[in-house]
Amino acid sequence: NVMRCSARQVKAFIEWIQQQDFYANTTIVLVGDHLTMDPDYLQDVNEDYTRTIYNCFINSAVDPVAGAEKNRQFGTFDIFPTTLAAMGVEIQGQRLGLGTNLFCGQKTLTEHYSHEILYEALQKRSSFYNKTFLGMDED
């Protein structure tokens, strides 16, 4: 019931925005943060079904290149350049930080290395990061 109510509210909000004068210049980004953890909701889902997080870009200023429309392998850091691109920002090289604009045809770090290798690399300790951004002295 919670998911159904939330979905109805999001739908009503999007429909309201679409009726406003500013909609022509508005990009809506819906980004999920995790899969459902409710076991009751999943009891009728086939075990072979690959669950994914729901992400949606509505009224994007750009269209994805052929082959980049859906089913991309990506991380949360790819949402940053993708959101800016959806708003019409031109990104030189199609990358910002660790993220890749998902509307372009370039591989994301996840597509290039895999979730497992990327996760392992991101877990490594960085003396530079700890000192520069966290103000930590190395022991």
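Residues numbered from 1 in each chain as written. Predicted model: local features only at pLDDT ≥ 70, side-chain atom pairs only at ≥ 80, totals over all residues. Heavy atoms only, no water.

**Student:** Whenever I open this one, the overall build of the protein confuses me. Can you help?
**Tutor:** Broken down by element type, the protein carries 6 helices and 4 strands. For 139 residues, the compact-globule formula gives about 14 Å, and the C-alpha radius of gyration of the protein, at 19 Å, lies well above that figure. Judged by the C-alpha coordinates and their principal axes, the protein covers about 55 × 40 × 35 Å. Relative to all contacts within the protein whose residues are 6 or more apart in sequence, the contacts with residues 24 or more apart total 52%. Within the structure as shown, the protein displays about 11000 Å² of accessible surface, and the carbon and sulfur contribution to it stands at 53%. (Helix = DSSP H or I, 4+ residues; strand = E, 2+ residues; numbered from the N terminus. Rg over C-alpha atoms; globule rule 2.2 N^0.38 Å. Contact = heavy atoms within 4.5 Å. Areas by Shrake-Rupley, 256 points an atom, 1.4 Å probe, with all protein chains shown as cover.)

**Student:** Can you walk me through the layout of surface pockets in this structure?
**Tutor:** The probe, sized like a water molecule, is rolled over the atoms to show the empty space still left. Computed from the structure, the largest pocket encloses a volume of approximately 960 Å³. Counting residues per element, the ones that place at least two in the lining of the largest pocket are helix 1 (2-18), strand 1 (28-31) and helix 2 (39-42). Here the element with the most residues in the lining of the largest pocket is helix 1; it accounts for 6 residues. Classifying every residue of the lining of the largest pocket gives 14 nonpolar, 6 polar and 4 charged. Within this model, the second largest pocket holds a volume of roughly 760 Å³. Along the walls of the second largest pocket sit 27 residues, with Ile-53, Asn-55, Arg-72, Phe-74 and Leu-102 positioned nearest its centre. (1 Å grid on protein atoms, 1.4 Å probe; cavity = no way out; pocket = protein on both sides within 12 Å on 5 of 7 lines; lining within 4 Å. Points joined across faces, edges and corners; volume = space filled by probe spheres on them. Nonpolar A, V, L, I, M, F, W, Y, C, P; charged D, E, K, R; others polar.)

**Student:** How should I be thinking about a nonpolar patch on the surface in this particular structure?
**Tutor:** Where nonpolar side chains cluster on the molecular surface, the patch consists of Phe-128, Tyr-129, Phe-133, Leu-134 and Met-136 and spans about 560 Å² of accessible area. Along the polypeptide, Tyr-129 turns up in helix 6 (residues 127-132). (Patch = residues over 30% accessible without salt bridge, like charges linked within 9 Å, V, L, I, M, F, W, Y side chains within 5 Å. Salt bridge = Lys/Arg side-chain N within 4 Å of Asp/Glu carboxyl O.)

**Student:** I would appreciate a short explanation of the nonpolar core in the present structure.
**Tutor:** In globular proteins that are soluble, nonpolar side chains generally tend to be buried together. In this structure, Ile-14, Ile-17, Tyr-23, Ile-28, Cys-56 and Ile-58 together form the largest nonpolar core, which totals 6 residues. If you list the elements that add at least two residues to this core, you get helix 1 and strand 2 (55-58). When neighbours within four sequence positions are excluded, Ile-28 is seen to be in contact with Ile-14, Ile-17, Tyr-23, Cys-56, Phe-57 and Ile-58. (Core = buried A, V, L, I, M, F, W, Y, C linked by side-chain atoms within 4.5 Å. Buried < 20%, exposed > 50% of the residue type's maximum accessible area, 1.4 Å probe, protein only.)

**Student:** What is the right way to look at helix 3 (residues 79-86) in this model?
**Tutor:** Because an α-helix completes one turn every 3.6 residues, residues spaced three or four positions apart along the sequence face the same direction. Across the 8 residues of helix 3, 6 count as buried, placing the element largely inside the fold. Turning to helix 3, its buried residues number three or more, namely Ile-79, Pro-81, Thr-82, Thr-83, Ala-85 and Ala-86. If you follow the buried residues of helix 3, they end up packed against strand 1, strand 2, strand 3 (95-96) and strand 4 (99-100). Positive phi shows up at Gly-88, right after helix 3, with a value of about 100°.

**Student:** Looking at this model, I keep getting lost on unusual backbone geometry. Mind explaining?
**Tutor:** Among all residues save glycine, negative phi is the norm, and among peptide bonds the norm is trans. The phi dihedral of Asn-59 falls on the positive side, at around 65°, and the residue is not glycine. Within the secondary structure, Asn-59 is located in the loop between strand 2 and helix 3. Owing to a relative accessible area of 29%, Asn-59 belongs among the partly exposed residues under this scheme. Even without being glycine, Ser-114 reaches a positive phi, approximately 100°. Here Ser-114 shows up in the loop between helix 4 (109-113) and helix 5 (115-122). For Ser-114, a relative accessible area of 23% puts it in the partly exposed group.

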